[in-house]
Amino acid sequence: MSTEKPAEPSLTADTPFDDHNADTILRSSDKVDFYVHGAMLSLASPVFHDLFDLPEAPTPRPTSPTSYTMKRFVEMAEDRHSLDLFLRWCDTRASIPVEMSIPDIAMVIRLADKFQMDSVASRIGPHLYRFVESEPLSVYAIAACHASLTDEAKATWGNALAKHAAKQLLILPMPFQPPVHEFFRDVPAIILEPLYHYHKMCGAAVRQTIDEENKEWICDPSRWPWLHQCTCPKTWYVGSSKYAPAWWKGYVTRLCELLENQPSASTILKLDLKDVLMSIITGQCQCTAGANAVKLAEVLRKVEEFISGLMDIIEKAVDKVVLDFTKTKPSLPIA
Ligand SMILES: [Zn+2]
């Protein structure tokens with residue numbers, strides 16, 4: 001830091017960072033001067049506090065009528081866009097952009113980390129919720145860097161958001177396609193470990209709930225007319241002295257395989273399981289293949305009940321799995 005008047009030509013930042021009465025100039029890497037109040041940044045950030053607390057260089061003789069020389073002057077590594085967005089979150093006079101992109105949010109959070117302004121990160125972090133459906137991996141990566149706590153009571157916004165994004169990612173098979181955003185290249189690979197573990201555990205939990213805990217419900221002939229009406233040979237033992245036809249075993253096995261890789265209740269909707277199930281019922285079950293329209297309408301209604309019940313079963317199984325950050329303590333690299 002110095003108080004010397006900068007030699008290069010520069011621009012002045014937009015309002016409210018154009019207030020020449022401010023005591024400090026932060027110059028962006030692309031030569032734009034931001035006029036800020038040092039006391040405000042010092043209070044909010046120990047890094048700025050230390051930076052402004054350094055002994056100042058001797059004030060040079062004024063070379064112009066402006067009070068340039070009497071201000072603190074700090075050259076920043078950030079460009080105009082980054083500095084403007086970041087300072088808006090630090091300065092109560094500034095308006096905050098209503099809609100920010102994921103890279104912009106990631107950038108502000110990275111700067112909040114760099115300048116140790118936790119309150120900024122915790123205020124902007126929850127803005128990532130609206131990207132959970134469209135960009136779950138990006139959201140997870142940013143949030144996970146602010147989770148990783150061993151103490152539940154100290155859980156931050158990052159824990160809740162990372163869990164939300166991880167659950168959304170269950171609809172995709174692993175490995176995930178990395179996002180195109182530049183910031184993702186700086187994300188340490190270690191933060192993906194808890195995610196991959198969680199995904200795998202959810203897959204196992206869903207398989208277990210379908211294949212074991214709820215097998216009797218899935219294979220209950222009193223519930224599902226396609227099993228009740230079926231007179232195909234029943235060779236698959238499903239427990240409690242009950243058997244189901246072999247074609248039904250084929251279907252349940254395939255269901256387990258699909259859901260093990262994409263263990264989300266939404267997978268069922270994505271895969272259009274209703275059509276698959278109907279084609280199996282009307283095709284593979286030889287004895288009811290010629291079912292009349294009335295029977296088919298009843299089957300269709302029960303298929304919907306089956307699908308909706310299955311979604312509840314999957315949801316409950318997944319909700320029991322914990323996204324565990326305690327084995328890793330990742331953090332975003334600070335530029
Ligand atoms: Zn049959």
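Everything numeric here is computed off the predicted structure, so don't read it as measured data.

Conventions and cut-offs
- Residues numbered from 1 in each chain as written.
- Predicted model: local features only at pLDDT ≥ 70, side-chain atom pairs only at ≥ 80, totals over all residues.
- Helix = DSSP H or I, 4+ residues; strand = E, 2+ residues; numbered from the N terminus.
- Buried ≥ 20, exposed ≤ 12 C-beta atoms within 10 Å, placed from the backbone.
- Contact = placed C-beta atoms within 7 Å.
- Core = buried A, V, L, I, M, F, W, Y, C linked by C-beta atoms within 7 Å.
- Domains from an automatic or database assignment.
- Axes fitted to C-alpha atoms, helices over the stretch in contact; angles between N-to-C directions.
- Parallel < 35°, antiparallel > 145°, perpendicular 65-115°, else oblique.
- Left-handed = near helix turned anticlockwise from the far one by under 90°.
- pLDDT = per-residue confidence, 0-100.
- Arc of directions from axis to C-beta.
- Pairing = 2+ DSSP bridges.

K.L.:
Which parts of the structure should I look at to understand the overall build of the protein?
P.N.:
Each helix and strand in the protein was counted, giving 14 helices and six strands. In the protein, which comprises 335 residues, the share counted as buried stands at 33%. In the protein, the proportion of contacts linking residues at least 24 apart, taken out of those at least 6 apart, comes to 65%.

K.L.:
Any chance you could explain the nonpolar core here in plain terms?
P.N.:
For soluble globular proteins, nonpolar side chains are generally found buried alongside one another. One finds F34, V108, Y140, A143 and A162 to be the most contacted residues of the largest nonpolar core, which totals 79 residues. The element best represented in this core is helix α4 (residues 102-114), accounting for eight residues. When residues of this core are assigned to domains, at least three map to each of domain 1 (1-78) and domain 2 (204-319). In contact with A162, other than residues within four places in its own chain, are Y140, A143, A144, A147 and L323.

K.L.:
Help me understand the packing of helix α8 (residues 192-213) against helix α11 (residues 246-261), please; the structure alone is not making it clear to me.
P.N.:
Working note: a packed helix pair is described by the angle between its axes plus the distance between those axes. Close contact between α8 and α11 brings their axes to 8 Å; oriented N to C, the two are set at 160°. Accordingly, the angle class assigned to the pair α8 and α11 is roughly antiparallel. In this structure, α8 meets α11 at a crossing whose hand is right-handed. Contacts from G203, V206, R207, I210 and D211 in α8 reach V252, L255, C256, L259, E260 and N261 in α11.

K.L.:
Looking at this structure, how should I read the confidence of the model for the protein?
P.N.:
Interpretation of the predicted coordinates at a detailed level should be avoided for regions scoring low in pLDDT. Within the protein, residue pLDDT values average 86, and 86% of them lie at 70 or more. Per-element confidence in the protein is highest for strand β3 (residues 32-36), whose mean pLDDT is 96, and lowest for helix α13 (residues 273-283), whose mean pLDDT is 82. Contacts for the low-pLDDT stretch residues 57-65, under 50 throughout, to residues beyond four places or in other chains number 10 contacts.

K.L.:
What is the right way to look at the packing of helix α6 (residues 136-144) against helix α7 (residues 157-168) in this model?
P.N.:
Interaxial distance between α6 and α7 falls to 8 Å at its minimum, and their mutual angle equals 155°. One finds that α6 runs roughly antiparallel with respect to α7. Remark: the crossing between α6 and α7 carries left-handed chirality. Side by side, α6 and α7 meet where P136, V139, Y140, A143 and A144 of the first sit next to G158, L161, A162, A165, A166 and Q168 of the second.

K.L.:
So what exactly am I meant to see when it comes to α13 here?
P.N.:
An α-helix turns once every 3.6 residues. As a result, residues three or four positions apart point the same way. Those residues of α13 lying buried are L273, L277 and I281. Along the axis of α13, the buried positions cluster into a sector of 65°, meaning they face one direction only. In α13, those exposed residues whose orientation departs by more than 90 degrees from the buried face are D275, S279 and G283.

K.L.:
It is not clear to me how the sheet that holds β3 should be interpreted in this structure. Could you clarify?
P.N.:
Sheet strands pair via backbone hydrogen bonds, and the direction of the pair is either parallel or antiparallel. Read across the open sheet, the four strands follow the order β1-β3-β2-β4; overall the sheet is mixed. Bordering the open sheet on either side are β1 (11-12) and β4 (72-75), each of which pairs with just one other strand. Summarising the sheet, strand β2 (residues 24-27) and β3 pair through four bridges and their orientation is antiparallel. Bridge assignment links L26 to a residue of β3, and that residue is F34.

K.L.:
Hey, could you run me through helix α3 (residues 80-90) in this one?
P.N.:
Residues R80, L83, L85, F86, L87, W89 and C90 constitute the buried set of α3. Looking at the buried positions of α3, the neighbouring elements they touch are β2, β3, α1 (38-44), α4 and α5 (118-124).

K.L.:
Help me out: how do you make sense of unusual backbone geometry in this one?
P.N.:
For the bond running from T15 to P16, omega is 5°, close enough to zero to count as cis. Here P16 is to be found in the loop between β1 and β2. Cis geometry is adopted by the peptide bond preceding P175, which originates at M174 and carries an omega value of -5°. By secondary structure assignment, the location of P175 is in the loop between α7 and α8. Unlike most non-glycine residues, S240 shows phi in positive territory, near 50°. With respect to the helices and strands, S240 occurs in the loop between β5 (234-239) and β6 (242-245). Of note, the phi angle at S241 is positive, near 60°, even though the residue is not glycine. Note that S241 resides in the loop between β5 and β6. Taking the C-beta count within 10 Å as the criterion, S241 has 6 such neighbours and is therefore assigned exposed.

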